[in-house]
Amino acid sequence: QVQLQESGPGLVKPSQTLSLTCTVSGGSISTDDYYWTWIRQLPGKGLEWIGYIYHSGSTFYNPSLKSRVTMSIDTSKSQFSLKLTSVTAADTAIYYCARDHRSTSLGTWGPGTLVAVSS
Amino acid sequence: DFPMTQSPSSLSASVGDRVTITCRASQPISSWLAWYQQKPGKAPKSLIYAASSLQSGVPTRFSGSGFGTDFTLTISSLQPEDSGTYYCLQYNTYPPTFGGGTKVEIK
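So, here is what we can say about the structure in this document. (Residues numbered from 1 in each chain as written. Chains lettered and ligands numbered in written order. Predicted model: local features only at pLDDT ≥ 70, side-chain atom pairs only at ≥ 80, totals over all residues. Heavy atoms only, no water.)

**Side note on the pattern of salt bridges**
Residue and element names in this part refer to chain B.
Phase 1: Within the structure shown, the criterion is met by six salt bridges over all chains.
Phase 2: Taking the shortest distance from any N to any O, the salt bridge between Glu 81 and Arg 61 comes out at 3.5 Å. With Glu 81 in the loop between strand E8 (70-75) and strand E9 (84-90) and Arg 61 in the loop between strand E6 (53-54) and strand E7 (62-67), the pair connects residues that are 20 residues apart, well separated along the chain.
Phase 3: On the basis of relative accessibility, which here comes to 18%, the residue Arg 61 falls in the buried class.
Phase 4: Linking Asp 82 and Arg 61 is a salt bridge whose minimum nitrogen-to-oxygen distance equals 2.7 Å. Of the two residues, Asp 82 is situated in the loop between E8 and E9 and Arg 61 in the loop between E6 and E7; the sequence distance between them amounts to 21 residues. The same class applies to Asp 82 and to Arg 61, which are both buried. (Salt bridge = Lys/Arg side-chain N within 4 Å of Asp/Glu carboxyl O. Helix = DSSP H or I, 4+ residues; strand = E, 2+ residues; numbered from the N terminus. Buried < 20%, exposed > 50% of the residue type's maximum accessible area, 1.4 Å probe, protein only.)

**Regarding the interface of chain A and chain B**
Interfaces are frequently sized by the accessible area removed from exposure as the parts join.
Phase 1: With 22 residues of chain A at the interface, the matching set in chain B holds 19 residues.
Phase 2: Together chain A and chain B conceal approximately 1,600 Å² of surface at their shared face, both sides included; 62% is due to carbon and sulfur atoms.
Phase 3: The tally of links from chain A across to chain B stands at zero salt bridges.
Phase 4: Elements with a minimum of two residues in the side of chain A that touches chain B: strand E4 (34-41), strand E5 (47-53), strand E9 (93-101) and strand E10 (105-109) of chain A.
Phase 5: In terms of residue class, the side of chain A that touches chain B is made up of 10 nonpolar, eight polar and four charged. (Contact = heavy atoms within 4.5 Å. Buried area = accessible area lost by both parts, 1.4 Å probe. Nonpolar A, V, L, I, M, F, W, Y, C, P; charged D, E, K, R; others polar.)

**Comments concerning the environment of Ser 25 of chain A**
Residues and elements named next belong to chain A.
Phase 1: Summarising the element assignment, Ser 25 is placed in strand E3 (residues 18-25).
Phase 2: For Ser 25, a relative accessible area of 34% corresponds to the partly exposed category.
Phase 3: Separated by 11 residues in sequence, Ser 25 and Trp 36 have C-alpha atoms that sit 13 Å apart.
Phase 4: Discounting chain neighbours no more than four positions away, the residues touching Ser 25 are Gln 1, Val 2 and Gln 3.

**Topic: the state of the cysteines**
All names here are of chain A.
Phase 1: Inspection of the entire model under this criterion finds two disulfides over all chains.
Phase 2: Across the disulfide from Cys 22 sits Cys 97; the S-S distance is 2.0 Å. Taking the torsion about the S-S bond as the criterion, the Cys 22 to Cys 97 disulfide, at about 65°, is right-handed. Of this pair, Cys 22 sits in strand E3 while Cys 97 sits in strand E9; the two residues are 75 residues apart in sequence, bridging distant segments of the chain. By the burial criterion, Cys 22 is buried, and Cys 97 matches it. (Disulfide = S-S within 2.5 Å.)

**Overview of the sheet that holds strand E1 (residues 4-7) of chain B**
Each strand in a sheet pairs with its neighbour through backbone hydrogen bonds, running either in the same direction (parallel) or in the opposite one (antiparallel).
Residue and element names in this part refer to chain B.
Phase 1: The strand order across the open sheet formed by four strands is E1-E3-E8-E7, and the pairing between neighbours is antiparallel. Across the chains shown, the open sheet's two edge strands, defined by having one partner strand only, are E1 and E7. On average, each strand axis in the sheet is tilted by 15° relative to the strand beside it, whichever way the strands run.
Phase 2: Sheet topology places E1 next to strand E3 (residues 19-25); four bridges connect them, and they run antiparallel. Considered in E3, the bridge of Met 4 is made with Ala 25. (Pairing = 2+ DSSP bridges. Axes fitted to C-alpha atoms, helices over the stretch in contact; angles between N-to-C directions.)

The quantities given are spatial measurements derived from coordinates; they are silent on function.
Right, here's the structure in full:
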């Protein structure tokens, strides 16, 4: 049973870069079937899809965040990462990593990690 | 952007009731729609994918239907553990977009 776990700082200062890592266990990150995805949930609000990375390193980002987002993957460590630059208080959210399949969509999620942007 | 309109935004129902939540896409999305349940403090859990396919381990009282622009999640007999917020997700067009959510309360 594949499991995902987010990690990273819970507090980031405005204008700085938010950096999170997702560790995949119980399954291969290099499988052709899945896309490794980041989603966030603003406080008390809905869900926003940030982007995905494939094991080859190819990416697709939400156009609304594209100018500030970079994703990377380290298959040797079974990890993929998110960087979001120039953060503001509006980026305060719970950040989830998830495994996406073209047919079954977001089937497996990490528990999420709260990141607050504050000075 | 590809907005998904979900209704109602909240509902209150009794144990044993049949509950229906709807999701409407602004453009046809074939069957590329999923449903999620979220409990407070937890990540969303996948219930339904491809509009009507039940994820493994999900109780059969949950069902999904629809095609094109109009979709429905039905709970045939509401149970106390079904309280939470439900979201639809279209994944026909990237970036995928979520509905606004339906909060289900047990009377």
